[in-house]
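As a plain string of letters, each chain reads:
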Amino acid sequence: MTEGVTYSSGNPQSGSPPTTPDQIGFPLVKAKSPPQDGLKVFGGAQFPEGGSHLGSYMQDGSGDGAEAPASPGMVEPEIWPTQLGLRYQPPMLVIQYMKVVESGMPSERAVHKVPLDFGKVLRYKTKDLIAALRRHARHASFLLNVEDEQLKNLLRRLRAAVKAVDAAEPDKGGAPHASMSRSHSQPQRTVEPEKPGVSTSAHRSSDEPKKAKGRPGRDGKRGAETKKGNWPSNAWTHWSFSAKSCTTSETQLEAPSSPTAGLKEAFESFRTSRGTDGIAESFARLLRDSWSAIAATKGAKDGAQGFEARFLDGMVAPPLETIRTAVGTQQRLARVLWELLEARQTSKDYLGLPLAGKRAVVVGAGPTGLRCALDLRLLGAEVVVVERRVQFERINRLHLWKWVGEDLKGWGAKVLEPPELSFGANPDFLHIGIAELQMLLLKPALLLGVQVFFGAEFRGAQPGADDAWEVNVASIDQDAPGPKFPAAGLLIGVSILVGADGPRGAVASALAMPVQETNGLRKEAALGLVVNFANGQSAAEKGRRPFSLARQFYESLFTECEQQTGLALENIVCYIASQTHYFVMTPTRKSLVSAGIVSADAPDGKLLASLNQARLAEVVREVAAFRWRTEDPAMPLEALDRPVGPPALFDFSKTRRASAGLRVLEAPSSTGAETTSRLLVGLCGDALIEPFWPEGLGIVRGFFGAMDLASSCKVWSETGDAEAAVSHFESAFSQLKSLAGKTRAAVLKPDDKTFGLDPSSRYRFAAGAGAIRRASSAPAGPRAKP
């Protein structure tokens, strides 16, 4: 079992270190930022006197006789640890670092390993082990810029893992445990008992997941799933190797005769897959085929069964690393996708993985929920997404602002399908279907290790056993694609909860985050009307072009349409996709009443209750048949006879938005400990602010809100200051609320190429953002109590 660092090359059993930064997986913690004073003199005074000898802790004997500190006055380059992690086979601390040399420029990243002996380490207190590490001549310089608290968290996790293994299957006679590699010559270890009256939870990091005691489920019984509440870190990996994910009856896969046989086809199937079922099945196949190709080469050295066991535990590499290693870069589209995702992973926005070790739950797998999940994952969090629906079925199309189109290209929009590879070819009509956008974002989410559960419903959150925050999730559809959430289950040790579940979402309701209704900017109702017709790809349909027209510029054309159809429009847009003709228009209330579509007596806010759906469909068909562009063929009758669902009328006279989109909840301590577990709850998408989507505000506001929320999580993790995180979010939200087509230039900075995760890179103004930005970007000092 491995946490923090995973190797994609070398012999996993021997622990040969990687040689490039991209071979490092997601670490548990972010190392302290480097000091700014250049070179440092390491003298004897830098190292504490006394303490236990590290040599007795080391597995490789490197500590024996190496206790003397560096000589006084010795000058060495400044070592900057960038990532820290644990490895369990063999046990070791792994430190990724850079050196700051005399020129002030950092060197290439490298890896330093500190081998440990489980049996001997467990005998000593954490503080004594840390003191010995800091005195060790070989390892001390690599830990100088690492905080004690970070080392404590890692070592506690290491000890907890060993204790958990022993509790489940005790060793006999000191023999090495099947799940933990140790020295064969070590004696049977003994563990010093806890001091009387000292609570274990008082010594645990407040954000570290705690062991859950059995809690009654909804039926009052203490079921196994509810009692354990395991975090599903590798749910998709395990499901991919289960019988349910296989299209054949095989439950155990054999390595193919050729290590790369079928990989090209498997990647192409995943790249072009559609629907949640298709994406799930093709992802599982691609992961299995990638494993088979790697196992064919590594299995000879490592033992096929041992390799498989570690792979299913997420110990060899995350899905992206496994698939990228197996598929390689010979295929152009595969190479482009790897480069795009690597650019995301190495972006300065995510440097240091500040959310590593934190657990996040995103409720809602809409475009905004998936976009937020991707940001949280790149920041280092373990992310679970729960979605009630089992399919992506929304066919309406979204108008995209230029920046959104470029952002989607960075997630593979011109590599992964849907959308078509021609995405963005016409910048004047940049659009994408909602379901297409969900399919696009789901694929990199799975590759990066986001655990998405379909047919799963959020049922609330509360402090649980040992004060850890728990999120209740219920499985409501056992036929949903992908891994299944237990019928009654808990996610334990949650630090971040995101509500991306719509304007009347369950998260805002359950966590008492009030919403408010706002009136439109004009007295008359703001109405939107959409209709889809199937695209049969006939010659006449292929000859048509998309269009976007406004009455103020084409008064005579709109008047003619009103005379023919009886419907007065202010705007109309037609998007043509490979499968649909999508029309979105803004009719006036007066003309809807005159055409017999709604009642004249309907009160404000109740207009849609009087809707005559049959009459609406008749009139909308006439509007779609109108010759809006005389140079284009008329809409064919066969297309008009193929509506995709009924037309839909929306009333935007009143919209909903959150009064406050972020809060930090503190669990009351049940043990009397000074520090308690905290839960950051944030909203994004329509749960945060309901948009007027005919302007394309839905997706740009949704993406910006998701990034603002992720940036606020980053501030909270780096500073430990809940007030700073809330202020950071609210300053961005104040700008987001005023963003519209007409206010774009006043709200946003002019160069969208510089837009990033930090709100200050996008918005012109952010109240109080200067101090918050300094807090979020300054080198990490001693961590505040979370």
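Look a little higher up for the structure.
Residues numbered from 1 in each chain as written. Predicted model: local features only at pLDDT ≥ 70, side-chain atom pairs only at ≥ 80, totals over all residues. Heavy atoms only, no water.

Draft legend 1. Region of the structure containing the packing of helix 13 (residues 402-410) against helix 21 (residues 697-719). Where helix 13 contacts helix 21, the axes come no closer than 9 Å and their chain directions differ by 60°. By the angle class used here, helix 13 and helix 21 are oblique. As helix 13 packs across helix 21, the resulting crossing turns out to be left-handed. Of the residues in helix 21, those touching helix 13 at Trp403, Val404, Asp407 and Leu408 are Ile699, Val700, Phe703, Phe704 and Met707. (Axes fitted to C-alpha atoms, helices over the stretch in contact; angles between N-to-C directions. Helix = DSSP H or I, 4+ residues; strand = E, 2+ residues; numbered from the N terminus. Parallel < 35°, antiparallel > 145°, perpendicular 65-115°, else oblique. Left-handed = near helix turned anticlockwise from the far one by under 90°. Contact = heavy atoms within 4.5 Å.)

Draft legend 2. Spotlight on the environment of Leu133. By secondary structure assignment, the location of Leu133 is in helix 2 (residues 126-135). Counting along the chain gives 18 residues from Leu133 to Leu151, while the straight-line C-alpha distance between them is 10.0 Å.

Draft legend 3. Spotlight on the sheet that holds strand 9 (residues 382-387). Pairing is mixed in the open sheet, where 6 strands are placed in the order 12-9-8-16-25-24. The two strands at the open ends of the sheet, each matched to only one other strand, are strand 12 (451-454) and strand 24 (662-666). Averaged over all pairs of adjacent strands, the angle between their axes in this sheet comes to 15°, without regard to strand direction. Relative to strand 25 (residues 678-683), strand 24 runs antiparallel, the two sharing 5 bridges. Paired with Arg663 across the two strands is Val681, which belongs to strand 25. (Pairing = 2+ DSSP bridges.)

Draft legend 4. Local environment of helix 13. Looking at helix 13, one finds that the buried residues are Trp403, Val404, Gly405, Asp407, Leu408 and Gly410. Its buried side turned inward, helix 13 meets helix 11 (332-345), helix 12 (367-378), strand 11 (431-433), helix 14 (434-447) and helix 21. Positive phi appears at Gly412, one or two residues downstream of helix 13, with a value of about 105°. (Buried < 20%, exposed > 50% of the residue type's maximum accessible area, 1.4 Å probe, protein only.)

Draft legend 5. Fine view of the side chain of Asn532. With respect to the helices, strands and loops of the structure, Asn532 is situated in strand 18 (residues 527-534). Separated by 3.1 Å, the side chains of Asn532 and Asn396 make a polar contact. Apart from residues lying up to four places away in sequence, Asn532 is in contact with Ile395, Asn396, Thr580, His581, Tyr582, Arg642, Pro643 and Val644. (Polar contact = N/O pair within 3.5 Å; in protein donor to acceptor, adjacent residues only side chain to side chain.)

Draft legend 6. Structural view of the pairing of strand 8 (residues 359-363). Strand 8 sits mainly inside the fold: 5 of its 5 residues count as buried. On strand 8, burial covers both faces: Arg359, Val361 and Val363 on one face and Ala360 and Val362 on the other are all buried. Sheet analysis places strand 8 next to strand 9, joined by 5 bridges and oriented parallel. From the neighbouring strand, Arg359 faces strand 9, where its bridge partner is Glu382. Traced from strand 8 through helix 12 to strand 9, the parallel crossover comes out right-handed. In this structure, strand 8 lies alongside strand 16 (residues 496-499), joined through 4 bridges in parallel fashion. From the neighbouring strand, Val361 faces strand 16, where its bridge partner is Leu497. (Right-handed = clockwise from strand over helix to strand, strands pointing away.)

Draft legend 7. Region of the structure containing the environment of Arg744. You can see Arg744 is positioned in helix 23 (residues 744-747). Since its relative accessible area comes to 37%, Arg744 is described here as partly exposed. Separated by 19 residues in sequence, Arg744 and Tyr763 have C-alpha atoms that sit 9.8 Å apart.

Draft legend 8. Highlighting the packing of aromatic side chains. What the rule picks out here adds up to 18 aromatic pairs. Across from the ring centre of Phe703, 5.6 Å away, lies the NZ or CZ of Arg371, which sits over that ring. (Phe/Tyr/Trp six-rings, centres within 6.5 Å; stacked < 30°, edge-to-face > 60°. Lys NZ or Arg CZ within 6 Å of the ring centre and 35° of its normal.)

Draft legend 9. Inspection of the pattern of salt bridges at higher detail. For the coordinates displayed, the defined rule picks out 22 salt bridges. Here Glu457 and Arg459 are joined by a salt bridge, their closest N and O atoms 2.6 Å apart. A relative accessible area of 36% places Arg459 in the partly exposed class. For Asp708, the salt bridge goes to Arg762, with nearest N and O atoms at 2.7 Å. Placement of the pair is Asp708 in helix 21 and Arg762 in the loop between helix 23 and helix 24 (769-777), with a sequence separation of 54 residues. Taken as a pair, Asp708 and Arg762 share a single burial class, namely buried. (Salt bridge = Lys/Arg side-chain N within 4 Å of Asp/Glu carboxyl O.)

Draft legend 10. How the structure looks around the sheet that holds strand 20 (residues 569-576). Strands sit in the order 19-20-21-18-22 across an open sheet of 5 strands; the sheet is antiparallel. Bordering the open sheet on either side are strand 19 (547-550) and strand 22 (648-651), each of which pairs with just one other strand. Sheet twist, expressed as the average angle between the axes of neighbouring strands with direction ignored, equals 15°. Examined bridge by bridge, strand 18 and strand 21 (residues 580-587) share 6 bridges and lie antiparallel to one another. By the bridge assignment, Phe533 is partnered in strand 21 with His581. Across the sheet, helix 17 (residues 555-565) touches strand 19 and strand 20, and the angle it forms with strand 20 is around 90°. Helix 19 (residues 613-625) contacts strand 18, strand 20, strand 21 and strand 22 of the sheet and is inclined by roughly 75° relative to strand 18.

Draft legend 11. Representation of the packing of helix 10 (residues 319-327) against helix 11 within the structure. Interaxial distance between helix 10 and helix 11 falls to 11 Å at its minimum, and their mutual angle equals 145°. Handedness of the crossing formed by helix 10 with helix 11: left-handed. Contacts between helix 10 and helix 11 involve Leu320, Glu321, Ile323, Arg324 and Val327 from the former and Ala334, Trp338, Leu341, Glu342 and Gln345 from the latter. Per-class residue counts for the contact of helix 10 with helix 11 are 6 nonpolar, 1 polar and 3 charged. (Nonpolar A, V, L, I, M, F, W, Y, C, P; charged D, E, K, R; others polar.)

Draft legend 12. The arrangement of unusual backbone geometry in detail. In this chain, Glu417 is followed by Pro418 through a cis amide linkage whose omega measures -5°. On the secondary structure map, Pro418 appears in the loop between helix 13 and strand 11. Here the residue pair Pro418 and Pro419 is connected by a cis peptide bond, since its omega of 0° sits within 30 degrees of zero. Positionally, Pro419 belongs in the loop between helix 13 and strand 11. In the Ramachandran plot, Gln537 falls in the positive-phi region, its phi being about 60° despite a non-glycine side chain. By the secondary structure assignment, Gln537 is in the loop between strand 18 and helix 16 (539-542).

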